[in-house]
Amino acid sequence: MLTLLTFSQNHLDLFTSWDVDTVLKRIDGSHNIWLRCIHFRDRTGTAKIIKHFGLNPSRVDMIFNHSSIGIDEDTEDCLFDSYEILTHQIKNREFEVARGSIVLGSNFLITFEITEVKILTTLTNNLQKRTIDIQKWGIDYLFYLIFKDTLNNYHTVFDYISIQLDDLEDEVLDNSGDESTYQKIATMRQSTRFGRRNFQNIKSLLAMMDYEDFQWISQPVKLLFNQELVQNVDNLWQEYQSLRVWMSELMEIQRDNIASKTSERINRLTMLSTVFLPITFIAGVYGMNFKYMPELDQPWAYPTVMIVMALIVIGSILYVKQQRWL
């Protein structure tokens, strides 16, 4: 789906269609526009969009291959960013990640969303409500808002992770969890690595803004990035690191719990084997086929042997309990 937002003086026009040519015909080069390409995986249509805005044709491969995550340092035709945004949605026991690309030009912003990004939909709704003045700031201000909302999204994600870890911590400390508890923590820790990429991505953008030939973000918007996002990124990075440490500690404790339970089972089996080992020896002795075994002719031999076996079992169990091995 293609959604075109055109910003003119005191007016916002929104148009939605699946047809690329229809959307491109509605673009006025004198106005700021935001083109959202949601679930749009038409390579030919994407090439038309790239060509219409005079961008390098290699951008098509970058959009579809989605191999290099982060800001592309080649900024001659546009500012290009491939993103992976961690969400608090769970799928197959992992956090879902919204992937796509952002293209910023002189008066246009294009987002290629492999999956619809809710923060962008919310931003679109706010624009329709006239709560954001794009005409005053320029289209690069919209680019700033996307990064700002992305960081705000991580506050929600990290709060959700903290709640999940609280529940898992109860299982771990009560020693009521099992292998699945360890797997939950490990899967959560692995899937949160995308957060690190987002923070590194924003830090790379902030560093690029200091280049003398960096033209795609105006000075007022650069100040907003430096004043509001730098501190936010640092705080989120520290929180991210704390969550990772918390997960690692829970994994270590749970791994010890599992090892302790396994060791306890092995000890019980060992004690059981130890108890019955002398009985097996006695049974083996009297199971030998020798002709001269005087006990075989004695009427008291069988009960005596059984009593001796019983005493060995009882004595072994009492000794093991006295030593607190069971």
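Engineer: How do you make sense of the overall build of the chain when you look at a structure like this?
Structural biologist: Across its full length, the chain carries 10 helices and seven strands. On C-alpha atoms alone, the chain measures out to a radius of gyration of 34 Å, which is more than a quarter above the 20 Å that the 2.2 N^0.38 rule sets for 326 residues. In terms of principal-axis extent, the alpha carbons of the chain reach across some 115 × 40 × 35 Å. Every one of the 326 residues in the chain was classed for burial, and the buried ones make up 43%. Taking as baseline every contact in the chain between residues at least 6 positions apart, the subset at least 24 positions apart corresponds to 65%. Taken as a whole, the chain presents about 18,200 Å² of accessible surface, with 53% of it coming from carbon and sulfur.

Engineer: For this particular structure, what's the right way to read the pattern of salt bridges?
Structural biologist: A side chain of one charge can pair with a side chain of the opposite charge when the charged atoms of the two come close. Counted according to the given criterion, the structure contains eight salt bridges. For the salt bridge of R43 with D61, the shortest nitrogen-to-oxygen distance reads 2.1 Å. Here R43 is found in helix α2 (residues 43-52), whereas its partner D61 is found in helix α3 (residues 58-65), with 18 residues between them in sequence. The residue R59 makes a salt bridge to D77 at a minimum N-O spacing of 2.7 Å. A residue pair is termed long-range when its members are at least 10 positions apart, and R59 in helix α3 and D77 in the loop between β4 (70-71) and β5 (79-91) qualify at 18 residues.

Engineer: Could you clarify how one ought to interpret the nonpolar core in this entry?
Structural biologist: Considering soluble globular proteins, one finds that nonpolar side chains tend to be buried as a cluster. Core analysis: the biggest nonpolar cluster contains 62 residues, and F143, L205, I217 and F225 have the highest contact counts within it. For this core, the elements supplying multiple residues, two or more each, are β1 (2-8), β5, β6 (94-104), α4 (118-128), α6 (139-173), α7 (179-191), α8 (193-208) and α9 (219-285). Per-element tally for this core: the top contributor is α6, with 16 residues. Other than its neighbours up to four places away in sequence, F225 contacts F143, Y144, F147, L205, L206, M209, I217 and V230. Counting 24 residues, the second largest nonpolar core, distinct from the first, contains L4, F53, F80 and F112.

Engineer: Would you mind going over α8 with me for this structure?
Structural biologist: Helical geometry: 3.6 residues make up each α-helical turn, so side chains three or four residues apart lie on a common side. If you check α8, its first and last C-alpha atoms are 23 Å apart, about what 16 residues at 1.5 Å a residue would give, namely 22 Å. Within α8, the full set of buried residues consists of F194, G195, N198, F199, N201, I202, L205, L206 and M208. Among the structural elements, β4, β5, β6, α6, α7 and α9 are those in contact with the buried residues of α8.

Engineer: Would you mind going over the layout of surface pockets with me for this structure?
Structural biologist: Over the atoms a probe the size of a water molecule is rolled, and this reveals where empty space is left. Counted as a void, the largest pocket has a volume near 500 Å³. Along the wall of the largest pocket there are 22 residues; nearest its centre are T87, Q89, E96, V97 and A98. Mapped by element, the contributors of at least two residues to the lining of the largest pocket are β5, β6, α4, α7 and α8.

Engineer: Help me understand the sheet that holds β1, please; the structure alone is not making it clear to me.
Structural biologist: The strands making up a sheet associate through backbone hydrogen bonding, with each pair oriented either parallel or antiparallel. The mixed open sheet is built from seven strands, whose spatial order is β2-β1-β3-β7-β6-β5-β4. A single partner strand is all that each edge strand has here, and the edge strands are β2 (11-17) and β4. Against the sheet, α2 makes contact with β1, β3 (32-38) and β7 (108-113), and its axis sits at roughly 165° relative to β7, the strand it touches most. In the packing of α3 onto the sheet, the strands contacted are β5, β6 and β7, and the crossing angle to β5 comes to about 15°.

Engineer: I would appreciate a short explanation of empty space enclosed by the protein in the present structure.
Structural biologist: By the definition in use, this model includes one cavity of 30 Å³ or more. Taken together, D81, Y83, I85, I102, I146, F147, T150, N198, N201 and I202 make up the lining of the largest cavity. Listing elements by their share of the lining of the largest cavity, those giving two or more residues are β5, α6 and α8. Partitioning the lining of the largest cavity into residue classes produces six nonpolar, three polar and one charged.

What counts, and where the lines are drawn
Residues numbered from 1 in each chain as written. Predicted model: local features only at pLDDT ≥ 70, side-chain atom pairs only at ≥ 80, totals over all residues. Heavy atoms only, no water. Helix = DSSP H or I, 4+ residues; strand = E, 2+ residues; numbered from the N terminus. Rg over C-alpha atoms; globule rule 2.2 N^0.38 Å. Buried < 20%, exposed > 50% of the residue type's maximum accessible area, 1.4 Å probe, protein only. Contact = heavy atoms within 4.5 Å. Areas by Shrake-Rupley, 256 points an atom, 1.4 Å probe, with all protein chains shown as cover. Salt bridge = Lys/Arg side-chain N within 4 Å of Asp/Glu carboxyl O. Core = buried A, V, L, I, M, F, W, Y, C linked by side-chain atoms within 4.5 Å. Expected span 1.5 Å × (residues − 1). 1 Å grid on protein atoms, 1.4 Å probe; cavity = no way out; pocket = protein on both sides within 12 Å on 5 of 7 lines; lining within 4 Å. Points joined across faces, edges and corners; volume = space filled by probe spheres on them. Pairing = 2+ DSSP bridges. Axes fitted to C-alpha atoms, helices over the stretch in contact; angles between N-to-C directions. Nonpolar A, V, L, I, M, F, W, Y, C, P; charged D, E, K, R; others polar.

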